[in-house]
Amino acid sequence: MLVLKNYQEWALDALALYFQECSRTDDANVSFYSVTRKTLKVNNTYHEVKELPGLPYVCLRIPTGGGKTIVACHSIGVAADKLLHTKSPVVLWLVPSNAILEQTIKALRDRKHPYRQAVEDTAGPVNVLDVEQALYVKPSQLDSEVTIIVATMQAFRVDDTEGRRVYRGDGYLMDHTSGLPPHTLELLERAEGGNIIHSLANVLRLRRPIVIVDEAHNARTPLSFETLARFNPSCIIEYTATPAKEECPSNILYSASAADLKSAQMIKLPIRLDTRPEWKELLADAIHCRQGLEQTANLERQQTGEYIRPIMLIQAQPLRQGQETLSVDVVKQCLLTDHNIPEEQIAIATGTIKDLEKVDIADQKTPIRFIITVQALREGWDCPFAYVLCSVAENRSATAIEQLLGRVMRLPRAGWKKHESLNMAYAFATSANFGEVAKTLTDALVQSGFERQEAKDLIVPARQEQPGLPFETGKPFMGVVSITMSETPQIEKLSEETRKKVSFDEEANKFIFTGEMSEKEREEIKSCCRTDKGKAVIDQAFQVLTGKNPVEDKRTPSEKNVPFAVPVLSIKQGNLFEGFEETHFLDHHWELTKCNALLSEEEYATQRPDAQTGIIDMTDDGRISTQFVSKLQKQMELFESDTGWSVASLSYWLENNIPHVDIFPEEMGVFLTRLVQALIDQRNIPLDRLVLDKYRLKKAAEKKIDLFRHDNHQKIYQLLLFGEKAEVAVTPDICFSYAADPRRYAYSKAYRGRYSFKKHYYPEIGDLEESGEEFECAQVIDRLDEVEFWVRNPVRRPGQSFWLQTSTDKFYPDFVCKLKDGRVLVVEYKGGHLVNDESKEKKALGELWAKRSSGACLFAMPINKDYAAISGAVACSVS
């Protein structure tokens, strides 16, 4: 199964937490508020679907190229388990077009495809249907497996032929209503005479489908919600890069950033933009760029074995009657006659010419290197080999560019290449106004799901003006520079690898460098120059190629590959120390069987809420509240098989559905058997009622076990870290290291304030607003003379964050600093209103970490603007 990226896992974690909260509170609004504060660190407003009051309705925002569909596949199991409490959910998967529909069905039916595998691994056996097939689905199919019905929104509209069939009665579907209680049948649509319509729409109303909306921005109209309301869904999960913010706004539960995608090695960034007014000159530049990339790709293959064939997408002008345009044919002829491009390397993709149909563009035998189109390639077309976008169209809308730009941003095999030029995308546009084109590209990136500010930062000029340089720069952005030098460098002294990139024309006194110049190569080449003037020329060439000035080096420590290692809290295991984490709780067995197994009336009420009673109430803040989730879960119980159960089988079911990696199976089984038997013997609750109510029972049992687990963890935590025999150390031998690579620093939103920080470890500062007390705290740190550099510590970024294990969770301090004397300072800021038992535990843990470091590490927790606590901690002498 395809391994998910970190941000994809975080999106699913947020969704699982949201559905858990919905089950606990029976309030989609309150649950949304609670979870977004933890995931987005904001208090978003929840926008209810007026046609479906109480419905859990959320959006997972993932930019283009971020893998929305694989997340959607995993979300089916999350919704089935955390919200519906069923093993056989019905899923209504809505897509924006017939082209996407065909691709989605094909992928979900392919047992070897990651999409199908994701559904099976997280939700169970799956049956994939289109609308036509769904019209003949049997109850036994819906009862025994995950059923995914893939359709377009248009297919369910009454004015559509296929849509009319969805609402029309069909005797083939009569069995779906057999044996159901009257109050459930009241939910169904009926004919004028009062008879139930045995339609697919009514089958969906009974089964409460999970609605997944792919590219949700294409389906957001009041009519769409009216249509969905007819199917009585259990929840709506939207996936889009551009959530609606005005009409029918989306409820953004989780939002991935460009930094998240870049850190996960999913997309090519930045985008190098070049503009010229003359289209043939521009096309020549773009062809030269693609050829240079192919040469680099060949080197990459020699070093890594990975095959890449860089492809150029060319946007031509449409044909106009009575007017000459730069049409597809004109552009193709230019490629053939002016640049000698073999015809088999050119493909045309328009509404009438479809050279790419049934072509595997990634096949090594495929010769295609140039694709000419007018508007956009067919929806769903994907080729990470596409690197260069060249637009000769005079009228470029952001929407048209966005559709093409998305094709060149995906990184082959979702992994960085050794050669930096293969980690970028390239855009060329005919225009005399660079700023105008840059704005269009920025708008296109915003439509791809990037925030406007980060979109601006992702577009960089391909050619930078370098007035006064004593040499011709050639094509510097492609790694080729021709330098006039007054001396002949001794290139024979160069290493074999560097020598391959260097040549010298003695007649013209030209030093030529091809490829990417590293700092090591710069120094090596300089050592071949005898004069300071010659060495200065190499420095200037390095600046043209990299944009870095070696004389006035303003790079951040991470850009200079300065290491940043932070000792972690370690615990002795046998004869060795290892970083203290949650798994160490598992090493200390605790006996669940010694705990009281009886659920009290408060923990598990005897009286089961009546499924026939719908409660509509008014909350304290004036909102109408409906018991949507509890009624949903009761309705799903109608389709569960609840015959032939015993105490043993119910206990076994509970054991299989309650996570317990820290409890021996035999102990879990004994405890749950006692729990069930106690409810029967001491509280006189019949077994058949417990079986019918097993999901509510599971929730109560799981909560009780969690309380016992928490108490036990607290005891073990105190024993391991603060007990008399605790063996805890903080040494430089066991460290967490921040990646000395700015691309790996992940965050949700980059700092764009007016204050200029001078000492941050990375070029960007993540998740810091230019207001509030944390910002003031960062300023204090940045101004401290003793601080060499610091980092805004990412939160919940595995492998990218420094953390300390608490008794219940991981503690991610706000700031981590390297002092000039080599010590490490960790700072966690707390507003006065946030001081509680949790913050007290963090403070004690941080102080323990500092104490065990023998003075190498310092910890400060300034509270309520007491920034002097930071300088006070720094002033502590090494013990």
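See the structure printed just above.
Residues numbered from 1 in each chain as written. Predicted model: local features only at pLDDT ≥ 70, side-chain atom pairs only at ≥ 80, totals over all residues. Heavy atoms only, no water.

Digging into the pairing of strand 6 (residues 235–240)
Put simply, the rule is: Exposure categories follow from relative accessible area, calculated using a 1.4 Å probe and restricted to protein chains: below 20% of the type maximum is buried, above 50% is exposed, and the middle band is partly exposed. Strands are runs of DSSP state E lasting at least two residues, helices are runs of H or I lasting at least four, and both sets are numbered from the N terminus onward. Two strands are said to pair when DSSP picks up at least two bridges between them.
By the criterion of burial, strand 6 is predominantly enclosed, with six of the six residues buried. Alternating residues of strand 6 divide into Cys235, Ile237 and Tyr239 and Ile236, Glu238 and Thr240, and every residue in both groups is buried. Looking at chain direction, strand 1 (residues 57–61) and strand 6 are connected through five bridges and run parallel. Of the residues in strand 6, the one forming a bridge with leucine 60 is tyrosine 239.

Concerning the environment of valine 437
By secondary structure assignment, the location of valine 437 is in helix 16 (residues 434–447). On a C-alpha basis, the gap between valine 437 and leucine 273 in space is 8.7 Å, while along the polypeptide they are 164 residues apart.

Some thoughts on a negative patch on the surface
For clarity, the cut-off: Surface patches are defined over residues having more than 30% relative accessible area and no salt bridge, joining like charges when they lie within 9 Å and nonpolar side chains (Val, Leu, Ile, Met, Phe, Trp, Tyr) when within 5 Å. Each accessible area is a Shrake-Rupley estimate made with a 1.4 Å probe; only the visible protein chains count as cover when residues are assessed. The term salt bridge refers to a pairing of a side-chain nitrogen on Lys or Arg with a carboxyl oxygen on Asp or Glu at a separation within 4 Å. Only four residue types enter the tally: Lys and Arg on the positive side, Asp and Glu on the negative side, with His and both chain ends excluded. Charge coordinates come from a single atom per side chain, which is NZ of Lys, CZ of Arg, CG of Asp or CD of Glu.
A cluster of acidic residues, Glu578, Glu581, Glu582 and Asp587, forms a negative patch on the protein surface. Relative to the elements of secondary structure, glutamate 581 occurs in the loop between strand 20 (576–579) and helix 21 (583–586). A relative accessible area of 31% means that glutamate 581 is categorised as partly exposed.

Quick look at the pattern of salt bridges
Counted under the stated rule, the structure contains 39 salt bridges. Where arginine 230 meets glutamate 189, a salt bridge forms, and the shortest distance between an N and an O atom there is 3.0 Å. In this pair, arginine 230 is assigned in the loop between helix 11 (222–229) and strand 6 and glutamate 189 in the loop between helix 9 (182–185) and helix 10 (200–207), connecting sequence segments 41 residues apart. One salt bridge connects glutamate 591 with lysine 594, and the closest N-O pair in it is separated by 2.9 Å.

Description of the sheet that holds strand 20
Taken in spatial order, the three strands of this open sheet run 20-19-23, and their pairing is antiparallel. The outermost strands of the open sheet, each flanked by one partner alone, are strand 20 and strand 23 (728–729).

Thoughts on unusual backbone geometry
The backbone phi angle of arginine 208 is positive, close to 50°, even though this residue is not glycine. Of note in this structure, aspartate 767 is not a glycine but carries a positive phi near 55°. Along the polypeptide, aspartate 767 turns up in the loop between strand 24 (735–738) and helix 27 (773–783).

Quick look at helix 4 (residues 98–109)
Filter applied, for reference: Multiplying 1.5 Å by the residue count of a helix minus one yields the expected span of that helix. Each direction from the helix axis to a C-beta atom contributes to the arc, which is the arc of those directions. Contacts are residue-level and defined by heavy atoms, with any inter-residue pair within 4.5 Å sufficient.
In a regular helix each residue adds 1.5 Å, so 12 residues correspond to 16 Å; helix 4 covers 16 Å between its end C-alpha atoms and thus fits that length. Taken together, the buried positions of helix 4 are Ile100, Leu101, Thr104, Ile105, Ala107 and Leu108. Buried positions in helix 4, seen along its axis, are confined to an arc of 165° and lie on one side of it. Opposite the packed face of helix 4, turned more than 90 degrees from it, sit the exposed residues Asn98, Glu102 and Lys106. Structurally, helix 4 contributes buried residues whose contacts are with helix 3 (68–84), strand 2 (90–95), helix 5 (114–122), strand 3 (126–129), strand 4 (146–152) and strand 5 (210–214).

As for the nonpolar core
As a reminder of what qualifies: In plain words, nonpolar cores are sets of buried Ala, Val, Leu, Ile, Met, Phe, Trp, Tyr and Cys residues tied together by side-chain atoms within 4.5 Å.
Core analysis: the largest hydrophobic core is formed by 146 residues, its most contacted members being Tyr18, Trp93 and Ile148. For this core, the element with the most residues is helix 1 (residues 6–25), which contributes 10 residues. When neighbours within four sequence positions are excluded, isoleucine 148 is seen to be in contact with Ile76, Val91, Trp93, Leu108, Val119, Val126, Asn127, Val128 and Leu129. Grouped together as the second largest cluster of nonpolar side chains are 37 residues, Tyr761, Phe802, Leu845 and Phe859 included.

Side note on the environment of leucine 654
Positionally, leucine 654 belongs in helix 23 (residues 647–657). On the basis of relative accessibility, which here comes to 0%, the residue leucine 654 falls in the buried class. Once the C-alpha coordinates of leucine 654 and lysine 699 are considered, the two residues, 45 residues apart in sequence, prove to be 9.6 Å apart. Sequence-distant contacts of leucine 654, that is, excluding residues within four places in its chain, are made with Leu672, Val676, Lys694, Leu697 and Lys698.

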